[in-house]
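Below are the chains, spelled out letter by letter.
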Amino acid sequence: MDGNPINAHGGGILFDHNTYYWFGEIKSGKTIRVKEDTSWENFRVNAGGISCYSSHDLLHWKYEGLALATVPNDSSHDLHPGRVIERPKVIYNQITGKYVMWMHIDSRDYSYARAGVAVSDNPAGPYTYLGSMRPNGAMSRDMTLFKDTNGRAYLISTSENNATIHVNELTSDYLKPSGKFKRILIGLNREAPAIVKHNHKYYLITSLCTGWDPNEAMYATADSVMGHWTPKGNPCAGENNLKTFNSQITFILPVRGMQGKYIFMADRWNKADLPDSRYVWLPLVFQNEKIMIQWVGKWRF
Ligand code: GAL
C-alpha cells in the first residue's frame, strides 16, 4: 500500500478473521555465490527473517512488519543472517489458540537441513522461535504445512538429500512431529511442495531440484495425506509449461467465498540479484481430477 515492492519470497498465506496474511522470506542486500560450493550454483543473500503482509482482497497489501526477526549477534543461532531461513508457512491451532509457523532452516551450504518452528498469539506475529529439528531423524529442506479439515496438520518436506518427500504428521499442538510419517514420491527428486484439498482428494504440486533455475512442475494425487501419492504429470499447459512459466511453485491458495477457485503462487527467482525475484500468480483450475494452470498476462476471478 505504501508503494514498496512486497518482500515475501518462498511464501505462504494464512486466512484468518477475513484477512489474508502473506508470510515470506525477506531478501535484501547483495547476492553472492558461495565459493565453497562448486558442485552447484549456490547464490545467496543474508537471511533477512520473515515478513508479513495483510490483505482483504488479495490486491491491496499492508506491511505488518517482521513476523520473525533474525538474531544477528549469535553466529551459532538458527536465525543468524549467515544461515538460510526459507519457505515459511503458518497455520492456526484451535486447541492452543496459537499461530504456528514452520520453515526451512539451513546452514549456508544447506547441509544442516532442518525444520524450524515458531509460535505467536497473533496472526501477524511477532513469532517466538522454538528451535529446529530433523523430523523423525530425517533431513528436511523445502517444505510446506497442511491443516486438514479434521484439524490434523502435517509438515511435508523434501528429505533424504532431496530424493524423497516425507509427510510428517504433527502433534495436536502442531509443534512437533508425532512420530507418524510416510515417504512419498520416492526417489523422484521433488521439492517446493504445495498442497491443496479439493473435493475430498489431495493434490501436491512440486518442482524438480535445479536450485534457483526453473524446471518442469509435477502434481500427484492421493485419497488421504498419509496415503499413496500417484504422480500425474505437469499441471502447467501452454507456452513455457516445461519451465513452469519461469517460476517455481510455493503455495496453492484457496480463494475464500469462491468454491473450487485456487491461485497458483510461485517465485520467479533472479539468482544474480535475489532481492529482485518476482512473483507469479495464476488461476489454478480443476477439470474433473486434473489440474490446469495456464499463463494469462492479466486476470481476475
Ligand atoms: C531451490 C529451493 C529454494 C532455495 C534454492 C537454493 O531449489 O526450492 O527454496 O532453497 O534452491 O538454491
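Caption draft 1: Spatial organisation of the packing of aromatic side chains. Applying the stated criterion across every chain yields a total of 15 aromatic pairs. Both rings, one in tyrosine 53 and one in tyrosine 63, keep their centres 4.9 Å apart while their planes meet at 45 degrees; by these two values the pair is tilted. One end of the pair, tyrosine 53, is in strand E5 (residues 47–55); the other, tyrosine 63, is in strand E6 (residues 62–68), and 10 residues separate them in sequence. Take tyrosine 63: its relative accessible area is 39%, and that puts it in the partly exposed class. Ring geometry for tryptophan 61 and tryptophan 281: centres 6.3 Å apart, planes at 85 degrees, overall edge-to-face. Of this pair, tryptophan 61 sits in the loop between E5 and E6 while tryptophan 281 sits in strand E22 (residues 278–287), placing them 220 residues apart in sequence. Through successive ring pairs, a cluster of aromatic residues spans Trp22, Trp61, Tyr279 and Trp281. Between arginine 83 and the ring centre of tyrosine 112, over which it is positioned, the NZ or CZ distance is 5.3 Å.

Caption draft 2: Local environment of the sheet that holds strand E18 (residues 230–233). Read from one edge to the other, the open sheet built from four strands follows the order E15-E16-E17-E18, with strand pairing classed as antiparallel. On the outer flanks of this sheet lie strand E15 (190–198) and E18, each paired with one strand and no other. Averaged over neighbouring strand pairs, the angle between their axes works out to 30 degrees when direction is ignored.

Caption draft 3: Broad picture of the nonpolar core. Judged by nonpolar contacts, the single largest core of 20 residues is most densely connected at Ile205, Ile252, Phe264, Leu284, Ile291 and Ile293. Elements represented by at least two residues in this core include exactly E15, strand E16 (201–208), strand E20 (248–254), strand E21 (262–268), E22 and strand E23 (290–294). In terms of residue count, the dominant contributor to this core is E22 (four residues). Once residues within four sequence positions are removed from consideration, leucine 284 is found in contact with Ile205, Ile252, Tyr262, Ile263, Phe264, Ile291, Met292 and Ile293. Membership of the second largest hydrophobic core comes to 19 residues, among which are Leu14, Phe23, Ile85 and Met103.

Calculation notes
Residues numbered from 1 in each chain as written. Predicted model: local features only at pLDDT ≥ 70, side-chain atom pairs only at ≥ 80, totals over all residues. Heavy atoms only, no water. Phe/Tyr/Trp six-rings, centres within 6.5 Å; stacked < 30°, edge-to-face > 60°. Helix = DSSP H or I, 4+ residues; strand = E, 2+ residues; numbered from the N terminus. Buried < 20%, exposed > 50% of the residue type's maximum accessible area, 1.4 Å probe, protein only. Lys NZ or Arg CZ within 6 Å of the ring centre and 35° of its normal. Pairing = 2+ DSSP bridges. Axes fitted to C-alpha atoms, helices over the stretch in contact; angles between N-to-C directions. Core = buried A, V, L, I, M, F, W, Y, C linked by side-chain atoms within 4.5 Å. Contact = heavy atoms within 4.5 Å.

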